[in-house]
Amino acid sequence: MTAGTRVLVTNDDGVTGEGLRRLARYLRDQHFDVVVAAPEGDESGCGTSRAVAPDGLVPTRTSTLAGLAGVPVHAVAAPPGLIVAAACQGAFGPAPDLVLAGINPGANTGPAVVHSGTVGAALTAACHRRPAVAVSLGHGAPYHWDTALHALAVLLPAVLPGARDRQRTPLLCNLNVPNVPAHRLAGVVRAGLGAHGDTRFSIQRLGPELLRATHHPAAYHDAGEAPLLAAGYATVTPLRPVGEDTEALRHLAAAHRAPATLAGELP
């Protein structure tokens, strides 16, 4: 199933990230057709951004990573959302069948998925009808990258069928893994999206022309991913791209006007 399956590996931490290198090497050793395309530098917190310079030009250069002989590597001056969109349009060779983002150092849970460049890359892939997994590993030193790869190996069989069969609805999964040795991983379980992330973001005004943004560890333990991660489980949360909220339409009846009616109300 892996032979001939083309996988794009990206991240939001930069092309030299250790998690990305470990992920790409694992996939190559599993006989996937791997291409790496990732930001030149840190793009954390960029979400699904596809921001470009006013002239629309996006510098990109070929590179190499230790232990990845034979794997094309592209360093791109752009956020991962743009990189995934470009890859799906053939910018780095044949378009990928599957997109994997990570391994991100630090969990992406709850509402943090909106801001995460790691999850943003996976969301962009889903918008291009490619299955995708965002892989994140809890903070701490040393990082147990192999534990994240072990959890991914459990999840991949569920994701792969959509990589070659475009008639299937592609899976989009957010995988969070506790930073523990592989033998201490309690399992891989389905988890709902928590009400809180693992950090609290605050903005403080320091003066008339200066703000300070800070992240603080959060101690929330709701029914989402956090308590499972704390108990040693890797969590899989299926997501979906942004779409119309059809359930809300009945609340908007008063706001709907036919074009002719609306034109008649304009001054």
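Throughout, a residue's number is its position along its own chain's written sequence, starting from 1. In keeping with the model being predicted, local features are shown solely for residues with a pLDDT of at least 70 and side-chain atom pairs are shown and tallied solely at 80 or more, while totals for entire chains, interfaces and linings include all residues. Derived side-chain values reflect all non-hydrogen atoms in the structure, with water molecules and hydrogen atoms excluded from consideration.

K.L.:
Talk me through the pairing of strand 7 (residues 172–177); I want residue IDs and the actual numbers.
P.N.:
The classification of residues rests on relative accessible area computed with a 1.4 Å probe and restricted to protein chains. Under 20% of the type maximum is buried, over 50% is exposed, and intermediate values are partly exposed. Only runs of H or I of at least four residues qualify as helices and only runs of E of at least two qualify as strands under DSSP, and these elements are numbered from the N terminus. Among the six residues of strand 7, six are classified as buried, and the element is accordingly described as predominantly covered. Burial along strand 7 is two-sided: Leu172, Asn174 and Asn176 and Cys173, Leu175 and Val177, pointing in opposite directions, are all buried. At least two DSSP bridges between two strands are required for those strands to pair. The sheet contact formed by strand 6 (residues 132–137) and strand 7 spans six bridges and is parallel. For Val133, the partnering residue across the bridge sits in strand 7 and is Cys173. By the bridge criterion, four bridges tie strand 7 to strand 11 (residues 233–238) in an arrangement that is antiparallel. When the bridges of strand 11 are listed, Leu175 appears paired with Val236.

K.L.:
Any chance you could break down the sheet that holds strand 6 for me, citing the residues and the numbers?
P.N.:
If you trace the nine strands from one edge of the open sheet to the other, you get 3-4-2-1-5-6-7-11-8, paired in mixed fashion. Looking at strand neighbours, the two that pair on one side only are strand 3 (60–63) and strand 8 (187–190), the edges of this open sheet. Across the sheet, the mean angle separating the axes of adjacent strands is 20° when strand polarity is ignored. Any two residues whose heavy atoms approach within 4.5 Å are treated as being in contact. Fitting a line to C-alpha atoms yields each axis, with helices limited to the stretch in contact; the angle taken between N-to-C directions then spans 0 to 180 degrees. Relative to the sheet, helix 1 (residues 18–29) contacts strand 1 (6–10), strand 2 (33–39) and strand 5 (98–105), its axis offset from that of strand 5 by approximately 140°.

K.L.:
Before we move on, could you go through unusual backbone geometry and cite the residues and values that matter?
P.N.:
With omega at 0°, the peptide bond leading from Gly102 into Ile103 counts as cis. Note that Ile103 resides in strand 5. A cis amide bond links Ala141 to the next residue, Pro142, at an omega of 0°. In this structure, Pro142 sits in the loop between strand 6 and helix 4 (145–159). Positive phi, normally seen in glycine, also occurs at His31, with a value near 70°. A relative accessible area of 60% means that His31 is categorised as exposed. In this structure, Arg129 takes a positive phi of about 60° despite not being glycine. Relative to the helices and strands, Arg129 is located in the loop between helix 3 (117–127) and strand 6.

K.L.:
Describe the pairing of strand 1, listing the residues and the values that go with them.
P.N.:
Most of strand 1 is tucked away, with five of its five residues classed as buried. The alternating pattern of strand 1 places Arg6, Leu8 and Thr10 and Val7 and Val9 on opposite faces, both of which are buried. Of the pairings in the sheet, the one linking strand 1 to strand 2 comprises four bridges and is parallel in character. For Val9, the partnering residue across the bridge sits in strand 2 and is Val36.

K.L.:
Can you break down the pattern of salt bridges residue by residue, with the values?
P.N.:
For salt bridges, the criterion is a side-chain nitrogen of Lys or Arg within 4 Å of an Asp or Glu carboxyl oxygen. Evaluated as defined, the whole model comprises eight salt bridges. The shortest N-O distance in the salt bridge between Arg6 and Asp33 comes to 3.2 Å. Of the two residues, Arg6 sits in strand 1 while Asp33 sits in strand 2, which places them 27 residues apart along the sequence. Look at Asp33 and you get partly exposed, because its relative accessible area is 35%. In this structure, Arg22 engages Glu18 in a salt bridge whose closest nitrogen and oxygen atoms are separated by 2.7 Å. Of this pair, Arg22 and Glu18 are both found in helix 1, four residues apart, which corresponds to roughly one turn of the helix. Taking the relative accessible area as the measure of exposure, Arg22 reaches 23% and is therefore partly exposed. Each of Glu18, Arg21, Arg22 and Asp146 takes part in a single network of salt bridges with overlapping partners.

Function cannot be read off these values alone, since they describe shape.
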